[in-house]
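One-letter residues, chain by chain:
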Amino acid sequence: MAASQCRKVRLWRWRRNPLRRRCDLLEAWIVLAAWVLALVGGLFVGLVTAAGVESAAERQRAQSREVSAVLVEDAEDGVSSRAPADYRVWATVRWTAPDGRTYTDEARVLPKTPAGRTVTVWTDGKGNITAEPLTEGEARLHAVSGGVLAAMGVGGVVLCSAWVLRVRLDQRRLAQWGAEWERIDTHRGWRTG
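The structure displayed is predicted, hence computed values, not measured ones.

Each value, and the rule that gives it
- Residues numbered from 1 in each chain as written.
- Predicted model: local features only at pLDDT ≥ 70, side-chain atom pairs only at ≥ 80, totals over all residues.
- Heavy atoms only, no water.
- Helix = DSSP H or I, 4+ residues; strand = E, 2+ residues; numbered from the N terminus.
- Buried < 20%, exposed > 50% of the residue type's maximum accessible area, 1.4 Å probe, protein only.
- Contact = heavy atoms within 4.5 Å.
- Areas by Shrake-Rupley, 256 points an atom, 1.4 Å probe, with all protein chains shown as cover.
- Polar contact = N/O pair within 3.5 Å; in protein donor to acceptor, adjacent residues only side chain to side chain.
- Phe/Tyr/Trp six-rings, centres within 6.5 Å; stacked < 30°, edge-to-face > 60°.

**Things to note about the overall build of the protein chain**
Reasoning step 1: Along the protein chain, the regular secondary structure elements total 2 helices and 5 strands.
Reasoning step 2: Burial status across the protein chain gives 24% buried among its 193 residues.
Reasoning step 3: If you take every contact in the protein chain between residues at least 6 apart in sequence, the share linking residues at least 24 apart comes to 58%.
Reasoning step 4: Roughly 14,400 Å² of accessible area belongs to the protein chain as shown, and the carbon and sulfur atoms make up 59% of that amount.

**Describing unusual backbone geometry**
Reasoning step 1: A positive phi angle, near 65°, is found at Lys112, a position not held by glycine.
Reasoning step 2: With respect to the secondary-structure elements, Lys112 resides in the loop between strand S3 (102-109) and strand S4 (118-123).

**Details of the side chain of Ser64**
Reasoning step 1: Mapped onto the elements, Ser64 comes out in the loop between helix H1 (22-63) and strand S1 (65-71).
Reasoning step 2: A distance of 2.8 Å separates a polar atom in the side chain of Ser64 from the backbone oxygen of Gln60.

**A short note on the packing of aromatic side chains**
Reasoning step 1: Following the criterion strictly, the structure yields 1 aromatic pair and no others.
Reasoning step 2: Between Trp95 and Tyr103, the aromatic rings sit 5.7 Å apart at their centres with planes inclined by 20°, giving stacked as the arrangement.
Reasoning step 3: A relative accessible area of 17% means that Tyr103 is categorised as buried.

Dropping the structure here:
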């Protein structure tokens, strides 16, 4: 006995076929639109996100200023309670802005630093202490990772939405098949279940 050969028919939902239903063609269009939208939309959102992250880092670099400050009090010895993973501790520092005003705030310094020692802090345009701005490499890494995550998120949402639509179409198709089987069975007086 010869083994049966079954050819795989590609793109069967797109071809004219007496067995193809309207919902089969609709499903084919949904899948095509979802993949195109996931790829193009993901790429667009990823690029926009990366550009936004880079411009934010550039803005932070433009507004930040490196300032020499004087430690007002001795720095404590030990681990910081605010950020236990960092080896630096919080201490009060004082500095003079370019406009001549004197500011006092807390900054991260090395443990056991004596009062009167000069430390470097970063300030924003308003005179508040900020984190050190990202370097070019760090900004590029943040932009790439943010863009990739945004693109994957948009693509995932689009593909999950398409999957939900396909599940709904399958449920509708099964209900139609059940109704047709019921109609055929009762027409001839047969019962299958």
